[in-house]
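Read off the chains here:
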Amino acid sequence: MKRFMGAIALVALFGAGGAWVLTSPSLQATGTEALPGGASNLENGRTLFYAGGCTSCHAVPGAEDKTRLGGGLALHSPFGTFYAPNISPHPRDGIGAWTPEQFVRAMRAGVSPDGRHYYPAFPYTSYQRMNAGDLRDLFAFMMTLPAVEGRVRDHDLPFPFNIRRALGFWKLIYLDGKVFEPAAGKSAAANRGAYLVEGPGHCAECHSPRDRLGGIVSEQRFAGGPNPDGKGVVPNITPDASGIGSWSKSDIVELLTTGFTPEFDSVGSNMAPVVKNTANLPQSDREAMADYLKSLPARPSAVKKAPK
Amino acid sequence: MIRIAAAALMLASGAMAVLAQGDVIAERKKTMKANGAATEAGAAMAKGQAPFDLAKAQGIFRTYQEAARTMPGLFPENSKTGGDTSAAPRIWEDMAGFRAGFAKFEKEAAEAAAATKDLASFRAGFAIVTKNCGACHEKYRIKKS
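Residues numbered from 1 in each chain as written. Chains lettered and ligands numbered in written order. Predicted model: local features only at pLDDT ≥ 70, side-chain atom pairs only at ≥ 80, totals over all residues. Heavy atoms only, no water.

Caption draft 1: How the structure looks around the overall build of chain A. Regarding its fold elements, chain A presents 11 helices and 4 strands. A globule of 308 residues ought to have a C-alpha radius of gyration of about 19 Å, and chain A, at 19 Å, matches this closely. Based on the C-alpha atoms only, the size of chain A along its principal axes is roughly 55 × 50 × 45 Å. The 308 residues of chain A split such that 49% are buried. A separation of at least 24 residues holds for 66% of the contacts in chain A among residues at least 6 apart in sequence. (Helix = DSSP H or I, 4+ residues; strand = E, 2+ residues; numbered from the N terminus. Rg over C-alpha atoms; globule rule 2.2 N^0.38 Å. Buried < 20%, exposed > 50% of the residue type's maximum accessible area, 1.4 Å probe, protein only. Contact = heavy atoms within 4.5 Å.)

And the structure:
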């Protein structure tokens, strides 16, 4: 909150003109690169669709078919309530009329085809790591899903969070625009795991605490945090004793496949839909993700265990 | 049959009255732990890490059915909080849906028990029945620590 007020003060300092320039969606240079040519790989698109967990937020709530991306799910947050939009291929109500370039721009810069900022409830801070070829394939796959009619209501946010333009400042702090770069000294599998967890998987978005402006606290990345919708906690997934330090690689793979922890508890809340997605990934991808999680720096849980 | 049911009902309601708030929370944790232990044994057999044992397989489904019958009665109005419970408030807002989840769990466990003859049939039934775990936890449980 303080930092937000600071941002407001900054606006006053720069004057309205300067602020207008600084918050411009067109200032976001990312996601404007040319797409690779050739045919899209739908199978790769499908894998990324499940790695990205699109259906968890965008599927019509309560519907059996999770590929109907008509939106409507309410996401409660300290900043207000967000409503996941329709991202089905419906040409009027969804994203059916978008070009692949517009999709890449949305995923990597958080900017809509009509040039407005998206709120970071849409985790483009992670999706920006995805490379253009993967995004093209993902878009092509999404275009094969059912078109769902109906637009979703607007977000319900109080002032000042209802000023989209102000997100330009937020992006200056939290959006670096960098595509994932495979580390030279690491195996292809290790790089694949890092890419899936940090990029499409966007694990850190829920498994990290956030600061008052809603940005991830980087020194506590993956150390868990309060549930963004206010109920309970999201666990620490670093290899600390307060996290999943005692888990083997196959324990993590098991969780991402069936939802069972090493104690044979079954994960619930917002992780249950995540498992439905990761269960659709190739086994090698789940193994790569497990390896990467085990390679993370061990960090004590950001949320202390509730007193009994 | 009606008499037995009535007697069971009286016993159950009597037992409920005796159980204080903390006790029902401890009781449902114990029941869920038993489910977890059964699932662990079942997963080991399904994956071939333990030899298939028909009696054991039937026992797993029996544990599930018993849990499905006991659990719905362990959530009285006065047990919404306390005892480090991870029960979601939604249980009491949607008691009908919560009970329906257990009814489905019990029915599918009974069907799987009846269909289990060998490892292959056990695997198939076990996969269906254990889908209920996550489906209920998604709606009705909140992780607290």
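Caption draft 2: A look at the overall build of chain B. Looking only at helices and strands, chain B has 6 helices and 0 strands in total. Along chain B, helices and strands appear, N-terminal first, in the series α-α-α-α-α-α. A total of 145 residues make up chain B; the buried ones form 38% of that total. By sequence separation, contacts in chain B at least 24 residues apart represent 80% of the contacts at least 6 residues apart. Accessible area for chain B stands at about 8000 Å²; split by element, carbon and sulfur atoms hold 63% of it. (Areas by Shrake-Rupley, 256 points an atom, 1.4 Å probe, with all protein chains shown as cover.)

Caption draft 3: A look at the interface of chain A and chain B. Listed as interface residues are 20 residues of chain A and, on the opposing side, 16 residues of chain B. Roughly 1500 Å² of surface becomes buried between chain A and chain B when both sides are summed, with 57% attributable to carbon and sulfur atoms. When residues of chain A are sorted by the area they lose upon contact with chain B, V233, F264 and S269 of chain A head the list and together hold 32% of the total. Counting the contacts that link chain A with chain B gives 3 salt bridges. In this structure, the salt-bridge partner of R141 of chain B is D265 of chain A, at a minimum N-O distance of 2.9 Å. Applying the counting rule to chain A against chain B returns 9 residue pairs in polar contact (both at pLDDT 80 or more). (Buried area = accessible area lost by both parts, 1.4 Å probe. Salt bridge = Lys/Arg side-chain N within 4 Å of Asp/Glu carboxyl O. Polar contact = N/O pair within 3.5 Å; in protein donor to acceptor, adjacent residues only side chain to side chain.)

Caption draft 4: Layout of the pattern of salt bridges. Per the counting criterion, the structure on display carries 17 salt bridges over all chains. Among the ionic pairs, R116 of chain A bridges to D114 of chain A, the shortest N-O distance being 3.4 Å. Among the residues examined, D114 of chain A registers a relative accessible area of 56% and is labelled exposed. The shortest N-O distance in the salt bridge between E254 of chain A and K47 of chain B comes to 2.6 Å. Of this pair, E254 of chain A sits in helix α9 (residues 249–258) while K47 of chain B sits in the loop between α2 (21–46) and α3 (54–70), on two different chains.

Caption draft 5: Region of the structure containing the UniProt feature "domain: Cytochrome c" (unreviewed entry) in chain A. Residues and elements named next belong to chain A. Residues annotated in UniProt with the feature "domain: Cytochrome c" (unreviewed entry) correspond here to residues 40–146 and 188–297. End C-alpha atoms of residues 40–146 are separated by 19 Å, and the span's content is 38% helix alongside 7% strand. Structurally, residues 188–297 is divided into 38% helix and 4% strand, and its ends, taken at the C-alpha atoms, are 20 Å apart. (UniProt positions renumbered as here; feature names shortened; annotations may be inferred.)

Caption draft 6: Examining the nonpolar core more closely. Residue and element names in this part refer to chain A. Counting residues in hydrophobic clusters, the biggest one holds 59 residues, and the most contacted among them are F49, F103, M130, L138 and M142. Those elements giving two or more residues to this core turn out to be α2 (42–52), α4 (100–109), α5 (124–127), α6 (132–142), α7 (167–174), α8 (188–198), α9 and α11 (283–295). Counting residues per element, this core draws most heavily on α6, which supplies 6 residues. Contact partners of M130, with chain neighbours within four places excluded, come to L48, M107, R108, L135, L138, V179, Y195, G199 and P200. (Core = buried A, V, L, I, M, F, W, Y, C linked by side-chain atoms within 4.5 Å.)

Caption draft 7: Inspection of the pairing of strand β1 (residues 74–77) of chain A at higher detail. Residues and elements named next belong to chain A. Both β1 and strand β2 (residues 80–83) contribute to a ladder of 4 bridges, which runs antiparallel. Bridge pairing in β2 links A74 to Y83. If you look at the hairpin formed by β1 and β2, you'll find 2 residues sitting between the two strands. (Pairing = 2+ DSSP bridges.)

Caption draft 8: Looking closely at the packing of aromatic side chains. Enumeration over the complete set of coordinates arrives at 20 aromatic pairs over all chains. Centroid distance F180 of chain A to Y195 of chain A: 5.5 Å. Interplanar angle 55 degrees. Geometry classified as tilted. One end of the pair, F180 of chain A, is in the loop between α7 and α8; the other, Y195 of chain A, is in helix α8, and 15 residues separate them in sequence. Each of the two residues, F180 of chain A as well as Y195 of chain A, counts as buried. Residues F61 of chain B and F122 of chain B carry aromatic rings whose centres are separated by 5.6 Å and whose planes lie at 55 degrees to one another, so their mutual orientation is tilted. Placement of the pair is F61 of chain B in helix α3 and F122 of chain B in helix α6 (residues 119–140), with a sequence separation of 61 residues. Take F122 of chain B: its relative accessible area is 0%, and that puts it in the buried class. Through a chain of ring-to-ring contacts, three or more aromatic side chains come together here, namely F52, F61, Y64, F105, F122 and F126 of chain B. (Phe/Tyr/Trp six-rings, centres within 6.5 Å; stacked < 30°, edge-to-face > 60°.)

Caption draft 9: Region of the structure containing the side chain of D93 of chain A. Residue and element names in this part refer to chain A. Here D93 lies in the loop between β2 and α4. Here D93 falls in the buried class, since its relative accessible area comes to 6%. Sequence-distant contacts of D93, that is, excluding residues within four places in its chain, are made with N86, V148, E149, G150 and R151.

Caption draft 10: Up close: the packing of α8 of chain A against α11 of chain A. Residue and element names in this part refer to chain A. Where α8 contacts α11, the axes come no closer than 7 Å and their chain directions differ by 85 degrees. Here α11 runs roughly perpendicular to α8, going by the angle between their axes. Mapping the contact onto sequence places A189, R192, G193, A194, L196, V197 and E198 in α8 and D285, A288, M289, Y292 and L293 in α11. Among the residues forming the contact of α8 with α11, the class breakdown is 8 nonpolar, 1 polar and 3 charged. (Axes fitted to C-alpha atoms, helices over the stretch in contact; angles between N-to-C directions. Parallel < 35°, antiparallel > 145°, perpendicular 65-115°, else oblique. Nonpolar A, V, L, I, M, F, W, Y, C, P; charged D, E, K, R; others polar.)

Caption draft 11: Spatial organisation of the state of the cysteines. All names here are of chain A. Within the structure shown, the criterion is met by 0 disulfides over all chains. The thiol of C203 is not disulfide-bonded; the next cysteine sulfur, from C206, is found 9.4 Å away. Among the residues examined, C203 registers a relative accessible area of 17% and is labelled buried. No disulfide involves C206; its sulfur sits 7.9 Å from that of C57, the nearest cysteine. (Disulfide = S-S within 2.5 Å.)

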